[in-house]
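The chain contents come next:
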Amino acid sequence: MIFNPEYECMDREARKKLQLANLKNLAETLHEKVPFYRDKMDGLGTGAADIHSLADIEKLPFTTKDDLRELYPHGLLACPKDRIVEVHMSSGTTGKPVVDEYTKKDIDIWRESMARTLAGGGCTKDDIVQNCYGYGLFTGGPGAHYGAMTIGAEVLPMSSGNTARQLMVMQDFGSTMLTCTPSYALYMAEEAAEAGIDLRKLPIRKGCFGAEPWSENMRKEIEERYGMKAHDIYGLTEIIGPGVSFECEAQNGLHINEDLFYPEIIDPATGKTLPLGEKGELVFTTLTKEGTPLLRYRTRDITYFIGEPCSCGRTTIRMHRIFGRTDDMLIIRGVNVFPSQIEHALFEIEGTEPQYVIVVDRGAAHLDEVELQVEVKQEFFSDETKGLEGLRARIQNIMKSKLQIAVRVKLVEPKTIERSMGKAKRVVDNRKL
Ligand code: ADP
Ligand code: ZN
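Please read all numbers here as calculations on a predicted model, not as lab measurements. (Residues numbered from 1 in each chain as written. Chains lettered and ligands numbered in written order. Predicted model: local features only at pLDDT ≥ 70, side-chain atom pairs only at ≥ 80, totals over all residues. Heavy atoms only, no water.)

J.: Let's hear about the domain arrangement of the protein chain: which residues, and what values?
T.: Annotation of the protein chain at the domain level lists domain 1 (1–326) and domain 2 (330–432). Distance between the C-alpha centres of domain 1 and domain 2: 30 Å. On the domain 2 side, the residues contacting the 23 residues of domain 1 number 17 residues. At the boundary of domain 1 with domain 2, total buried surface from both sides reaches about 1,600 Å², with 52% on carbon and sulfur atoms. Taken as a group, Tyr187, Glu190 and Asn217 account for 29% of the area that domain 1 buries against domain 2, more than any other trio of residues on that side. On inspection of domain 1 and its partner domain 2, the count reaches three salt bridges. The partner of Lys415 in a salt bridge is Glu194, with the nearest N and O atoms 3.2 Å apart. (Domains from an automatic or database assignment. Contact = heavy atoms within 4.5 Å. Buried area = accessible area lost by both parts, 1.4 Å probe. Salt bridge = Lys/Arg side-chain N within 4 Å of Asp/Glu carboxyl O.)

Written as C-alpha cells, this is what we have:
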C-alpha cells in the first residue's frame, strides 16, 4: 500500500520545484533565526539569494554531529521555545547526546513519514503492530507508534525487553506485524524456539526493522524463522527519527521521503557531491521542519543512490541499504573494514549462528590484531573437536580472502554472545587510537 500517492508518486520535476522552494525558505529562516547558521552562511558569503537550483545547495554549509554536541541543548532551535511539544535525544554514548525538538507540525511530519514507512512494509489499518522499539528519549518506539496510529492500525506499545512477555502477547493478541531492531527480532526468535513456540504458525507476517545495520542474509534468517516479510527502515534522531527512508514490497533499496528530507551523497574526504550511483556519505537537509531544522547534516552513514524508477510506482529516489558508518569503519593494518562485510561473509558459512563480536587489539608489535568470536550451531558444537577445527579454519580462510586481512577466529558455544534488546554491539575496539 502507498500511504500518500500524491507525494510519493509525484512527478519528479514537480517534486524538484517543491524541494527548491522549501530549500530557499529554509536557508532564509535559518539565517534569521539561528546564530550558528547565520555565522556560517555569512562566513561563506552565501545565503538564500544564491540558491537558484537544487545543485546550488553545495553553496550552503554542512552541519556535523560535533556542531550539534556543541550547541546542546537548545542552540539549534529555530522557533520560539513555547512551540516545542516533544523532545528526543540519541543515546549519546560518545559524548553529549544530540537533540531533536519537535513542534506540532514536526510531529505531523514524523507521523506522515512513519505512516509511509510502515505502509511500505505492508501495514494497513487491519494490522496489529507489536512495537518493540524502545520508548523514551529514543525515537524508535514513539516513531513507529505514531506511524501505526496514523495508518489506523492497532498498536501494542511493548517497548524492548521482557522477551517472555513479548512472546506471550504475540500469541494471545495475534500480532500481525513486528517493529524492532533486527537483532532483537532474531533474539526473540531464538527465545521462541527455546520455549517451543513455532512463530511460523502465528499470524505475524510482516516486520519493519532498523536503527542498526543488518545484512541481506540476516533478513533471510528473520523471514524464515517468523515466516514473514522483513523490511529495512532507516532514520536518525537528528533528522526526525525513524521514517527517513524505507523499503517497499520490492525490497530493493530504501525509498527516501525526499519531499521532506533532501538527500545528497558526498565524498566524505572532500565534501564534494558525488555522481549518481557512487558510494559515499549520506547528507540530509530537513526541508519543512520548524523546531530544529538542519542544513546538510552529515550522517556518517555510507550508501549510494539508486536512480531507476521502482516497480512499486513510488517516484522517490532510493538508497542502497547502509554499508556502514564512516566512524564505525575499522582501519586494520591500513585496510578499511566494515563490520557488515564480516557479517556478510559469516552468513555464507554453514554451522555458524548470526551472532558475532569483533575484538580489535593492538598487539605487542604494535600491529592490529582482530579476533572474531562466532557462535557455533548446537549440532556442530556437540560434534568432535576435529569438525570444529575444520570449521574454524574455513572461517579464517574465508575472512582472509574477503577482507584481505588475517583474522583469528574463536568459536564459542551457542548462546554465549550477549544478546541485545536494542542496537547490537558488534565491535570491541581495545586499541587506544
Ligand atoms: P543513537 O544510536 O546515537 O541513539 P539514532 O538512534 O538516531 O542514534 O541512530 C541513527 C543511526 O543508526 C543512523 O545514523 C545509522 O547509522 C543507524 N541506522 C538506523 N537505521 C539503520 C538501518 N536501517 N540500517 C543501518 N543503519 C541504520
Ligand atoms: Zn518501491
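Right, picking up where we left off after that structure.
J.: If you had to explain the sheet that holds strand β13 (residues 305–306) to someone new, which residues and values would you point to?
T.: Strand order in the open sheet made by the nine strands is β4-β3-β5-β6-β7-β8-β9-β14-β13, with mixed pairing throughout. Looking along the sheet, the strands with just one partner apiece sit at the ends: β4 (154–157) and β13. Of the pairings in the sheet, the one linking strand β3 (residues 128–131) to β4 comprises four bridges and is parallel in character. Of the residues in β4, the one forming a bridge with Ile128 is Glu154. (Pairing = 2+ DSSP bridges. Helix = DSSP H or I, 4+ residues; strand = E, 2+ residues; numbered from the N terminus.)

J.: Could you give an account of the site of ligand 1, naming the residues involved and the relevant values?
T.: Close to ligand 1 lie 18 residues, the nearest being Ser91, Asp232, Ile233, Thr237 and Asp301. With respect to ligand 1, the backbone of Glu212 contributes an N or O atom lying 3.2 Å from a nitrogen atom. Between ligand 1 and the protein, one listed contact pairs a nitrogen atom with a side-chain N or O atom of Asp232 at 2.8 Å. When isolated, ligand 1 has an accessible area of 570 Å², and the protein chains bury 90% of it. At five residues, the largest contribution of residues to the shell around ligand 1 is made by strand β7 (residues 229–236). Looking at the shell around ligand 1 residue by residue, the classes come out as seven nonpolar, five polar and six charged. (Near = heavy atom within 4 Å. Polar contact = N/O pair within 3.5 Å; in protein donor to acceptor, adjacent residues only side chain to side chain. Areas by Shrake-Rupley, 256 points an atom, 1.4 Å probe, with all protein chains shown as cover. Nonpolar A, V, L, I, M, F, W, Y, C, P; charged D, E, K, R; others polar.)

J.: Got a sec to walk through the packing of aromatic side chains? Specific residues and values, please.
T.: Tallied over the full model, the rule gives seven aromatic pairs. For the pair Phe36 and Tyr37, a centre-to-centre distance of 4.9 Å together with 65° between the ring planes defines the contact as edge-to-face. Tyr37 carries the same exposure label as Phe36, and that label is buried. Centre to centre, the rings of Phe209 and Trp214 are 5.9 Å apart; their planes meet at 90°, and the pair counts as edge-to-face. Each member of the pair, Phe209 together with Trp214, is buried. Following the ring pairs from residue to residue traces out a cluster consisting of Tyr102, Trp110 and Tyr146. Sitting over the ring of Tyr146, Arg111 keeps its end group 4.9 Å from the ring centre. (Phe/Tyr/Trp six-rings, centres within 6.5 Å; stacked < 30°, edge-to-face > 60°. Buried < 20%, exposed > 50% of the residue type's maximum accessible area, 1.4 Å probe, protein only. Lys NZ or Arg CZ within 6 Å of the ring centre and 35° of its normal.)

J.: Explain the layout of surface pockets to me, using residue names and the numbers behind them.
T.: Of the pockets and cavities examined, the second largest pocket occupies roughly 550 Å³. Counted by class, the lining of the second largest pocket contains 11 nonpolar, four polar and eight charged residues. (1 Å grid on protein atoms, 1.4 Å probe; cavity = no way out; pocket = protein on both sides within 12 Å on 5 of 7 lines; lining within 4 Å. Points joined across faces, edges and corners; volume = space filled by probe spheres on them.)

J.: Which residues make up helix α6 (residues 140–151), and what values do they have?
T.: Count 3.6 residues to each turn of an α-helix, and residues three or four apart come out pointing the same way. Counted at 1.5 Å a residue, the expected span for α6 with its 12 residues is 16 Å, and the 17 Å between its end C-alpha atoms agrees. The buried count for α6 comes to 10 of 12 residues, which makes it a mostly enclosed element. Residues of α6 that are buried include every one of Gly140, Gly141, Pro142, Gly143, Ala144, His145, Tyr146, Gly147, Ala148 and Ile151, and no others. Positive phi shows up at Gly152, right after α6, with a value of about 100°. (Expected span 1.5 Å × (residues − 1).)

J.: For the coordination of the zinc ion (ligand 2), give the residues involved together with the corresponding values.
T.: Metal coordination angles in their ideal form are 109.5 degrees for the four-donor tetrahedron and 90 or 180 degrees for the six-donor octahedron. Coordination of the zinc ion (ligand 2) by the protein is provided by Cys248 (SG), His255 (NE2), Cys310 (SG) and Cys312 (SG), with metal-donor distances spanning 2.1 to 2.3 Å. Note that the zinc ion (ligand 2) binds four donor atoms; their angles at the metal cover 102 to 116°, and the shape is tetrahedral. On the basis of relative accessibility, which here comes to 13%, the residue Cys312 falls in the buried class. (Donors = N, O, S within 2.8 Å, 3.2 Å for Na, K, Ca; no water. Tetrahedral: all angles 85-135°; square planar, octahedral: opposite > 155°, others 65-115°.)

J.: So what's going on with the packing of helix α8 (residues 182–194) against helix α9 (residues 216–226)? Residues and values would help.
T.: Look at α8 against α9: their axes get within 10 Å of each other, and the N-to-C directions meet at 40°. Between α8 and α9 lies a crossing whose hand is left-handed. From α8, Pro182, Ser183, Ala185, Leu186, Met188, Ala189 and Glu190 reach across to α9, where they touch Met218, Glu221, Ile222, Arg225 and Tyr226. Per-class residue counts for the contact of α8 with α9 are eight nonpolar, one polar and three charged. (Axes fitted to C-alpha atoms, helices over the stretch in contact; angles between N-to-C directions. Left-handed = near helix turned anticlockwise from the far one by under 90°.)

J.: I'd like a description of the sheet that holds strand β10 (residues 261–266), backed by residues and values.
T.: The strand order across the open sheet formed by four strands is β10-β11-β12-β15, and the pairing between neighbours is antiparallel. In this open sheet, the two strands that pair with only one neighbour each are β10 and β15 (324–325). Two strands pair when backbone bridges link them, and strand β11 (residues 280–286) and strand β12 (residues 297–303) are joined in this way by four bridges, in the antiparallel orientation. Opposite Gly280, over in β12, you have Thr303 as the bridge partner.

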